[in-house]
Amino acid sequence: DIEIEPDRPEDLKPRSPVVTVMGHVDHGKTSLLDAIRKTKVTSREAGGITQHIGASEVKVNDKKIVLLDTPGHEAFTSMRARGAKVTDIAILVVAADDGVMPQTIEAINHAKAAEVPIIIAINKMDKPSANPDRVKQELADHGILIEEWGGDVISVPVSALNGENIDTLLEMILLVAEMEEFKANPNRKAIGTVIEAQLDVGKGSVATILIQNGTLKIGDSVVIGTTHGRIRAMMNDKGKRVNVAGPSTAVEITGLSEVPEAGDQLFAVEDDKIARAIVEKRINKIKAEQLKASQK
Ligand code: GDP
């Protein structure tokens, strides 16, 4: 299969953090993502058509943050189950009027298992019934000790409804990113993960890829699971065509032979012939395994 050469430390450059919003249903994951995007959309973009590609980028103090749009646990569960790690930082949303709930605990466990740093967003602070101290206590009961209480987890009281403290939350994301020193090598063939994929009537197979290392370019030959192709076109989260996509960028790509699955890994390879050969090998291997299983 594909051999991945490790990067030399001197080739690594800082890259932007990739963030997922998690939390219990109705605690405000979707609203928070909307609020973040709203505060950061320039007036020129605001009138334009925003393209849904499963991820979006916001700029804060000239630094970029990539937000995965899959609210809930998909980005963690289905992808992690397939060996893909796509998130650098998890924002755990807890409604201040509801406190820690079953899916909050699930999210804590996922983030811990994936060794992803957590930032707590105590949401719905605009509500008269908001009780952030209760949230902090309940988090402590589940092993999440926030800074004010002597721990090392950052928490920010926010309101996705009125935008209160959203800027602070974004600054905290950048702070954690700075401490974690996320790096990648832009000068190698691209490695990425499928965030979502579907068949488009006009464009054929389209997939949103989070580029995690290297740079993807138009014309590159790629292998994705048991799919191959040559990158025909790339579009960013603003719906704009791009020719290159470096580490920590999400792009929608076209030019694939089939629709890949979320969580599949993308590898750019030398040429089409190699891409085909790898896919053929993978398919044969799967067939052989299926045959073996059926003979048991
Ligand atoms: P999700 O299921 O976690 O994605 O939650 P949603 O974003 O869909 O929010 C669930 C409900 O809570 C919706 O009715 C939102 O309008 C409401 N909501 C979300 N954030 C806030 C907030 O900061 N304040 C108030 N008062 N309501 C909120």
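Definitions and limits used
- Residues numbered from 1 in each chain as written.
- Predicted model: local features only at pLDDT ≥ 70, side-chain atom pairs only at ≥ 80, totals over all residues.
- Heavy atoms only, no water.
- Helix = DSSP H or I, 4+ residues; strand = E, 2+ residues; numbered from the N terminus.
- Rg over C-alpha atoms; globule rule 2.2 N^0.38 Å.
- Buried < 20%, exposed > 50% of the residue type's maximum accessible area, 1.4 Å probe, protein only.
- Contact = heavy atoms within 4.5 Å.
- Areas by Shrake-Rupley, 256 points an atom, 1.4 Å probe, with all protein chains shown as cover.
- Lys, Arg positive; Asp, Glu negative; His and termini not counted.
- Charge placed at Lys NZ, Arg CZ, Asp CG, Glu CD.
- Arc of directions from axis to C-beta.
- Near = heavy atom within 4 Å.
- Polar contact = N/O pair within 3.5 Å; in protein donor to acceptor, adjacent residues only side chain to side chain.
- Nonpolar A, V, L, I, M, F, W, Y, C, P; charged D, E, K, R; others polar.
- Core = buried A, V, L, I, M, F, W, Y, C linked by side-chain atoms within 4.5 Å.
- Expected span 1.5 Å × (residues − 1).
- Pairing = 2+ DSSP bridges.

### Some thoughts on the overall build of the protein
In step 1: Summing up its helical and strand segments, the protein has seven helices and 17 strands in all.
In step 2: The C-alpha radius of gyration of the protein comes to 20 Å, within 12% of the 19 Å expected for a compact globule of 296 residues.
In step 3: Overall, the C-alpha framework of the protein stretches about 60 × 55 × 45 Å when taken along its three principal axes.
In step 4: Put simply, the protein has 296 residues, and 48% of those count as buried.
In step 5: Long-range contacts, defined here as pairs at least 24 residues apart, represent 74% of the contacts in the protein between residues at least 6 apart.
In step 6: Approximately 15000 Å² of the protein is accessible, and the part contributed by carbon and sulfur atoms is 49%.
In step 7: Across the protein, the mean location of the 37 positive side-chain charges is 6 Å away from that of the 44 negative side-chain charges.

### Structural notes on helix α5 (residues 132–141)
An α-helix turns once per 3.6 residues; consequently, residues spaced three or four apart project the same way.
In step 1: Regarding α5, the residues found buried are V135, K136, E138 and L139. An end-on view of α5 places all buried positions within 165 degrees of arc, on one side of the element.
In step 2: Packed against the buried residues of α5 are β5 (89–95), α4 (102–113), β6 (118–123) and β7 (154–157).
In step 3: Looking one or two residues past α5, G143 carries a phi angle of roughly 85 degrees, positive in sign.

### With respect to the site of the ligand
In step 1: Around the ligand there are 15 residues in total, and D26, K29, T30, S31 and D126 lie nearest to it.
In step 2: The contact in question runs from an oxygen atom of the ligand to an N or O atom on the side chain of S31, over 2.5 Å.
In step 3: Contact distances for the ligand include 3.1 Å between an oxygen atom and a side-chain N or O atom of N123.
In step 4: For the ligand, whose accessible area on its own is 580 Å², the fraction buried by protein is 72%.
In step 5: In terms of residue count, the dominant contributor to the shell around the ligand is helix α1 (residues 29–40) (three residues).
In step 6: For the shell around the ligand, a count of residues per class yields three nonpolar, seven polar and five charged.

### Considering unusual backbone geometry
With the exception of glycine, most residues fall at negative phi, and the peptide bonds are largely trans.
In step 1: The backbone of K124 sits at a positive phi, close to 65 degrees, despite the residue not being glycine.
In step 2: For K124, a relative accessible area of 21% translates into the label partly exposed.
In step 3: Although it is not a glycine, S248 sits at a positive phi angle of roughly 60 degrees.
In step 4: Mapped onto the fold, S248 is located in the loop between β15 (244–245) and β16 (249–256).

### Remarks on the nonpolar core
In step 1: The biggest cluster of nonpolar side chains holds 27 residues, and the ones touching the most others in it are L32, I65, I89 and I91.
In step 2: Mapped by element, the contributors of at least two residues to this core are β2 (18–23), α1, β3 (55–60), β4 (63–68), β5, β6, β7 and α6 (166–180).
In step 3: Top element by residues in this core is α6. It accounts for seven residues.
In step 4: Sequence-distant contacts of L32, defined by excluding residues within four places in its chain, comprise V21, I91, V93, A121, V158, A160, I166 and L169.
In step 5: Judged by nonpolar contacts, the second largest core, of 19 residues, contains M22, V100, A111 and V135.

### Focus on helix α7 (residues 272–295)
In step 1: Taking 1.5 Å of rise per residue, the 24 residues of α7 would be expected to cover 34 Å, and the 35 Å separating its terminal C-alpha atoms lies within 8% of that figure.
In step 2: Residues A275, I278, V279 and R282 constitute the buried set of α7.
In step 3: For α7, the secondary structure elements touched by its buried residues are β12 (221–224), β13 (227–235) and β17 (265–269).
In step 4: A distance of 3.1 Å separates the backbone nitrogen of K273 from a side-chain oxygen at the start of α7, and that oxygen is part of D271.

### A word on the side chain of R188
In step 1: Examined against the element boundaries, R188 turns out to sit in the loop between β8 (183–184) and β9 (191–200).
In step 2: Looking at R188, its side chain comes within polar contact range of the main-chain oxygen of E5, at 2.8 Å.
In step 3: Leave out the neighbours within four places in its chain, and R188 touches I4, E5, P6, D7, N213, G214 and T215.

### Overview of the pairing of β3
In step 1: By the criterion of burial, β3 is predominantly enclosed, with five of the six residues buried.
In step 2: Looking at chain direction, β3 and β4 are connected through six bridges and run antiparallel. Bridge pairing links K59 to K64 in β4.
In step 3: Two successive antiparallel strands, β3 and β4, enclose a turn made up of two residues, where N61 displays a positive phi of approximately 50 degrees.

### Looking at the environment of P117
In step 1: Among the structural elements, P117 can be located in the loop between α4 and β6.
In step 2: Distance from P117 to V153, taken between C-alpha atoms, is 8.2 Å for residues 36 residues apart in sequence.
In step 3: Apart from residues lying up to four places away in sequence, P117 is in contact with D88, I89, A90, V176 and E180.

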